[in-house]
Each structure stands twice: as C-alpha cells, then as structure tokens.
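# Fold and contact review
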Amino acid sequence: MRKEAKLGTPDVGVLGAVVVLLIVGVVMVFDASYAKTGDAKWANFDTWYMAKRQLVYAVVGLGAMAWVSTFRFSRLIKITLSLICISIVMLFAVMIPGVGHTVNGAYRWFNLGPIRVQPSEIAKLATVLYLAGLFSKRRRLVRRISGEWVGPVVIVGCIAGLIFAEPDLGTAMTIVGTAYIMLMAAGAMKRHLFGLATGACGLIGLAVLLEPYRMQRVWVWLNPWRDPYGDGYQIIHSLFALGSGGVTGVGLCLGREKLYIPAASTDFIFATLAEEIGLIGGVVLLGAFLFLVYRGLDIARRSKSTYGNLLAVGVTSIIGLQAVINVAVVSASIPATGVPLPFISYGGSSLVSMMLAAGILLAVSRQINVELEEKELYENGTDGRRDRRAHISGRKRRTSPARSRYRR
C-alpha cells in the first residue's frame with residue numbers, strides 16, 4: 001500500500017491575514033460592547049462579557065482551522081454527503097416552534113445551553129464542498145443544460161430556500177452568489193450564466209415585493225429620514241458614525257454612536273470601527289479582506305486539482321461576498337440585511353464557520369505546496385532520484401559506442 005506524502009506548509013499570507021482579522025475582531029467586539037454589557041443584567045454587569053465569549057470562540061476557531069487544514073481532498077469528499085444531510089435536517093428543525101430559538105421573529109438558532117448554533121453557517125460550507133465535488137467529477141455538466149441538473153438545483157435550492165424562509169435573505173443571497181461564482185469558475189457557458197443571473201435577480205425582486213417588511217427596508221434605504229426613530233434609526237446612526245470618524249477617527253473606545261446603534265457589535269461593527277479609527281482604519285481593514293481574497297484566488301489558480309481549485313474559489317467567495325454585503329449595508333449602499341462581517345462581528349457560529357472556511361483554504365494550499373516541494377526535491381536531486389537518473393543516463397552513454405560498432 002502506497003504511503004501518502006506529507007502535506008506541505010500552509011499559505012503564510014492566508015494564515016497571517018486571518019490571524020490579524022481575528023485579533024481586530026476580538027478588540028472591536030470589546031470596544032463596541034463594553035458600555036452596554038457593563039449596565040446589562042443579562043451580562044452580569046460585566047464589561048468584558050462579550051469580549052470573553054468572542055475570545056473563546058476565537059480559540060475554538062483556531063483549533064478548528066488547524067484541524068481542517070490537515071484534511072486531504074479525499075477526506076473532505078467523504079464527509080460532504082453527511083454535511084449536506086445534516087444541514088438540511090437542521091434547517092428544517094430550526095423552524096419548528098419550541099425547537100428553534102427565535103429572535104425578532106426569525107428562526108435561525110438552536111439554543112444549546114450557553115451557546116447558540118446557527119445551521120445556515122454549516123450549510124454554507126456544505127454547499128461549497130458539494131458543488132466542488134460535483135463540478136470536478138462531472139465536467140460536462142456545466143457546459144450543457146440536461147436532466148442531470150435536477151439533483152444539484154434541488155439540493156442547493158432547498159438549502160437556500162430554507163434559509164430564506166427563516167427568514168434570512170442575506171445568507172441565502174450569499175449561498176446563491178457563491179454557487180454562481182463556482183459555476184463560473186467551473187467553465188459554464190456565458191448564456192447559461194446570464195440566464196441564471198437574470199432568474200436570480202427576478203426571484204430576489206419578487207421576494208422583496210411579496211414581503212412588506214422587506215419592501216419597508218427598501219423605502220427606508222432610499223430615505224432613512226422618513227422613519228428616523230423606527231426602521232431608519234440604525235442606518236442613520238451608522239452613517240453618523242462613518243461621517244464623524246473622519247480620516248483618522250476619534251480614537252479607540254471613544255466613539256459615541258455605538259451607544260445608539262442596536263447591532264453595534266454584530267452586523268454594524270464596521271460603523272464602530274470606522275468612527276474610532278477613521279477612514280484610514282476602514283481602508284486598512286478592507287485591504288486585509290482584499291489581500292485574503294487575492295491569496296485565496298491565487299491558491300485556486302495554482303491548484304492542479306479541479307476539486308481544489310473550486311474549493312478555494314468557493315470558500316474565498318463566501319468570505320468576500322459577506323464582507324462586501326456587510327460593508328454595503330453599513331454604508332447604506334444596499335438595503336439592510338443581516339450578514340455579519342467575517343472574523344470581526346460578534347457570534348460563535350459565524351466566527352467558527354469562517355475559521356473552518358480558512359482551514360479548507362489552508363488545506364488546499366498545503367496540497368499545492370507539497371507538490372511544489374516534491375518537484376523541488378526531484379529537481380535538486382536531494383531524494384536520490386536525480387543521481388540515479390544521471391547514473392542510468394551515463395551507463396547508456398557508455399554502451400552506445402559498442403552498440404554502434406555492433407551495428408556496423
């Protein structure tokens with residue numbers, strides 16, 4: 001039985017960017033929450049309440065990332081079907097009254113003692129693993145429309161539809177957008193991509209029109225001042241925070257708008273960051289996300305495996321799309337929808353799932369690096385193969401004159 005080669009070193013750029021974002025996230029969660037938790041009975045009047053929990057989630061996430069980064073592609077393929085089934089069952093179960101935990105009318109969490117688990121975070125990664133395996137095995141599937149599309153459309157549609165029904169339009173959009181980018185990377189034809197994009201936009205528009213509260217969010221997005229103490233309250237104070245920060249910010253822990261923004265430590269944490277460290281800090285943070293996306297796409301480009309290529313594209317798309325949607329909501333560039341800022345926003349499920357995504361990206365990079373290291377060893381002759389090849393080549397050269405005389 002052939003012994004498997006040792007995995008290569010992980011991508012230093014991805015690892016460094018993730019660790020930096022993780023540290024910034026823990027600091028900003030404390031910054032955005034200490035004033036509220038210090039006066040809150042549910043937090044035991046502990047100013048460090050949310051920061052300590054986020055730090056625990058970060059440590060668990062680092063361990064999960066390190067563990068997943070050791071996975072080979074074969075192991076990821078084996079667990080894909082189980083993850084898909086678990087995700088769908090959990091998404092059904094979370095909407096059962098008495099089973100799922102509801103906040104503001106949305107069924108998105110399971111209460112497991114001191115922690116909450118959000119099934120949609122598991123479903124995002126499961127979808128990426130499933131599509132990467134499908135598109136890498138059936139290369140012709142993405143080039144033509146046929147009956148083979150029924151299964152994938154039903155599975156991805158079921159996951160996105162269940163998340164949409166929670167309701168959670170932002171996460172559903174992230175999953176659909178990631179699937180679209182993976183389909184593009186797999187080589188789908190332009191007319192098919194155009195048709196899918198048109199259909200998806202139509203469905204999103206229909207979903208907004210059919211739900212009064214979503215339509216209200218659109219009107220508030222167009223003019224937040226029509227309801228400054230209601231639906232427009234959070235976005236108005238978010239814009240105040242972005243504007244009052246200026247170029248350099250007012251200083252860490254000195255921001256005031258976080259006292260008025262209801263989701264200052266979760267979906268609107270970027271507003272707190274921009275107020276306190278200014279435009280420069282916001283641009284640097286976005287630069288860190290851009291660098292992470294660049295490294296992820298570079299790993300995808302260098303991967304010789306179609307499966308590895310699509311995995312890297314998928315997890316990079318999840319991180320990039322969530323960051324874009326979150327910042328766009330905070331800056332009132334799009335209507336409000338609940339999507340956390342990866343690695344930064346408070347929340348255990350979101351943080352651990354993003355760390356698992358980073359672990360998958362590191363696993364792909366290690367698979368690439370071991371191939372490069374083996375190639376380098378072969379070219380340098382450090383494993384003895386080059387010396388043996390030279391010896392055989394020399395032996396052939398020594399025998400060639402005799403063969404020539406024989407032939408004459």
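Nothing here was measured: the structure is a model prediction, and the numbers come from that model.

Our focus in this paragraph is the overall build of the protein chain. Along the protein chain, the regular secondary structure elements total 13 helices and three strands. Relative to its full complement of 408 residues, the protein chain shows a buried share of 47%. Of the contacts formed within the protein chain by residues at least 6 apart in sequence, a portion of 70% connects residues at least 24 apart. Looking at the protein chain as shown, the accessible area adds up to about 21000 Å², and 65% of this sits on carbon and sulfur atoms.

The next subject is the nonpolar core. The biggest cluster of nonpolar side chains holds 91 residues, and the ones touching the most others in it are Phe 135, Phe 289, Leu 311, Leu 341 and Phe 343. Dropping the residues within four chain positions of it, Leu 341 is found in contact with Ile 269, Phe 270, Leu 285, Phe 289, Ala 323, Asn 326 and Val 327. The next biggest cluster of nonpolar side chains, apart from the first, holds five residues, and it includes Met 90, Ala 93, Val 94 and Val 117.

Read across the open sheet, the three strands follow the order 1-2-3; overall the sheet is antiparallel. The sheet is open, and its two borders are formed by strand 1 (101-103) and strand 3 (115-117), each paired with just one other strand. For this sheet, the mean angle separating the axes of adjacent strands, direction not counted, is 50°. Where strand 2 (residues 106-112) and strand 3 come together, three bridges link them in antiparallel fashion. Bridge pairing links Leu 112 to Ile 115 in strand 3.

The next point concerns the pairing of strand 2. Pairing geometry for strand 1 and strand 2, over three bridges, is antiparallel. For Val 103, the partnering residue across the bridge sits in strand 2 and is Ala 106. The turn linking strand 1 back onto strand 2 is made up of two residues, and Asn 104 within it adopts a positive phi angle of 55°. Joining the antiparallel neighbours strand 2 and strand 3 is a turn of two residues, in which Gly 113 adopts a positive phi near 65°.

Turning next to the environment of Tyr 307. When you line up the elements, Tyr 307 lands in helix 11 (residues 306-330). For Tyr 307, a relative accessible area of 5% translates into the label buried. Setting aside chain neighbours within four positions, we find Tyr 307 in contact with Phe 73, Leu 76, Ile 77, Thr 80, Leu 129, Ala 132, Gly 133 and Ser 136.

Summed over the entire model, instances satisfying the criterion amount to six aromatic pairs. On the basis of an interplanar angle of 25° and a centroid distance of 4.2 Å, the ring pair of Phe 30 and Trp 48 is categorised as stacked. Taken together, the positions of Phe 30 in helix 1 (residues 12-37) and Trp 48 in the loop between helix 1 and helix 2 (49-68) put the pair 18 residues apart, joining distant regions of the chain. A centroid spacing of 5.5 Å and a plane angle of 75° characterise the contact between Phe 73 and Tyr 307, whose relative ring orientation is edge-to-face. Separated by 234 residues along the polypeptide, Phe 73 in helix 3 (residues 73-93) and Tyr 307 in helix 11 bring together distant segments of the chain. Here the two residues Phe 73 and Tyr 307 agree in accessibility, since each one is buried. Joined through ring pairs, the aromatic side chains of Phe 30, Tyr 34 and Trp 48 make up one cluster.

Take the pattern of salt bridges next. What the rule picks out here adds up to nine salt bridges. Note that Arg 295 and Asp 11 form a salt bridge whose closest N and O atoms lie 2.4 Å from each other. Taken together, the residues Arg 295 in helix 10 (residues 269-302) and Asp 11 in the segment before helix 1 connect sequence positions 284 residues apart. By the burial criterion, Arg 295 is buried, and Asp 11 matches it. Salt bridges linked by common partners bring Asp 11, Arg 295, Asp 298, Arg 301 and Arg 302 together as one network.

Rules and cut-offs
- Residues numbered from 1 in each chain as written.
- Predicted model: local features only at pLDDT ≥ 70, side-chain atom pairs only at ≥ 80, totals over all residues.
- Heavy atoms only, no water.
- Helix = DSSP H or I, 4+ residues; strand = E, 2+ residues; numbered from the N terminus.
- Buried < 20%, exposed > 50% of the residue type's maximum accessible area, 1.4 Å probe, protein only.
- Contact = heavy atoms within 4.5 Å.
- Areas by Shrake-Rupley, 256 points an atom, 1.4 Å probe, with all protein chains shown as cover.
- Core = buried A, V, L, I, M, F, W, Y, C linked by side-chain atoms within 4.5 Å.
- Pairing = 2+ DSSP bridges.
- Axes fitted to C-alpha atoms, helices over the stretch in contact; angles between N-to-C directions.
- Phe/Tyr/Trp six-rings, centres within 6.5 Å; stacked < 30°, edge-to-face > 60°.
- Salt bridge = Lys/Arg side-chain N within 4 Å of Asp/Glu carboxyl O.

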